[in-house]
Amino acid sequence: MQEHAERFEGLAEAYALYRPDYPARAFRELLPLSTSDRALAVDVGAGPGTSTRPMRAALPASWLVTAVEPGRDMRRVLARSFREDPRVQVTDGTAEALPLPRGSAGLVVACSAFHWFDAQGFFAEARRVTAPGGVLALLRNRMVPTPLSEEIMAHVTRAARQAGALWDISGQREPTVRELSSVEGFKTARSRTYRWSETRDRRGVVDFYLTRSSVWSLVRRVGLGPVMRDLEEICARHIEKDTAAPLEWETTVKWTQRR
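This one's a predicted model, so the numbers in the text were calculated from it and none came from an experiment. (Residues numbered from 1 in each chain as written. Predicted model: local features only at pLDDT ≥ 70, side-chain atom pairs only at ≥ 80, totals over all residues. Heavy atoms only, no water.)

Caption draft 1: Geometry of the sheet that holds strand 5 (residues 130–143). What the seven strands build is an open sheet, ordered 3-2-1-4-5-7-6; its pairing is mixed. The open sheet is flanked by strand 3 (88–91) and strand 6 (190–200), the only strands paired with a single partner. Within the sheet, the average angular offset between the axes of one strand and its neighbour, ignoring direction, is 20°. One ladder, built from 11 bridges, connects strand 6 with strand 7 (residues 245–257); its direction is antiparallel. In the sheet register, Thr199 faces strand 7, and the bridge partner there is Pro246. Strand contacts of helix 6 (residues 119–129): strand 1 (40–44), strand 4 (105–111) and strand 5, with the helix running at about 135° to strand 5, the strand carrying the most contacts. (Pairing = 2+ DSSP bridges. Helix = DSSP H or I, 4+ residues; strand = E, 2+ residues; numbered from the N terminus. Axes fitted to C-alpha atoms, helices over the stretch in contact; angles between N-to-C directions. Contact = heavy atoms within 4.5 Å.)

Caption draft 2: Just the side chain of Thr50, in detail. Following the sequence through the fold, Thr50 ends up in the loop between strand 1 and helix 4 (52–58). Judged by its relative accessible area of 7%, Thr50 falls in the buried class. Filtering out sequence-adjacent residues up to four positions away, Thr50 remains in contact with Tyr15, Arg19, Pro20, Asp21 and Tyr22. (Buried < 20%, exposed > 50% of the residue type's maximum accessible area, 1.4 Å probe, protein only.)

Caption draft 3: Just the pairing of strand 3, in detail. Both strand 2 (residues 64–68) and strand 3 contribute to a ladder of four bridges, which runs parallel. Along strand 3, the bridge assignment pairs Val68 with Thr91.

Caption draft 4: Local environment of helix 9 (residues 202–209). In terms of residue burial, helix 9 counts as a mostly covered element, since six of its eight residues are buried. Along helix 9, the residues that are buried comprise Gly204, Val205, Val206, Asp207, Phe208 and Tyr209. N-cap assignment for helix 9: the residue whose side-chain oxygen lies 3.3 Å from the backbone N of Arg203 is Asp201. (Polar contact = N/O pair within 3.5 Å; in protein donor to acceptor, adjacent residues only side chain to side chain.)

Here's what the structure looks like:
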């Protein structure tokens, strides 16, 4: 996981501003599933706090949160976000070597960062730190496809191929419910999907895509100006000037309980 963290150096401020959070309801509804008496939640690969914020909001005041993040830039923004909240501890660490004692957590979550992990290493660490009865959950935000999103990603893929900036997507598939059910030490997994929406103007859409690692790989190869110009032209074809367009999202939660 540590080597992948370098992909996001310099992106933390934009990531915190333009990446969507997760619905607090998704975390709130995980709590009753944990029968552990450990009131510690762990956010693995927390980034700048896009998952830590709604998780902290959903948890009772008696719970503590440990946000684990290997990227120095992301960790700086994350720590700044919670400097006034003693219930949140920000720590350097990776998914494959969590800086936590055995059986200390009642809830362990990984949100979207999972596809950068070494899966087996992460599951071994999750098994170690999750208390019996505790919950392991994987969350992912997915934009519901629209003509706008499909045109942007087709353009980015084409431009990246031409610039020799195609990103390696091997090993980035998240586990199915069946695969999560087979993780040693955990019970049968379940899943749930939450649908929600937001609105963004043209610049808001461009700013969001500039936080995507695939788009940033292209920026590093051809420069920020050309990429922004192309994205703005695409947005202009789908969003009227001085208006905002609705973006539909799906947050999928897959969870399992520690035996």
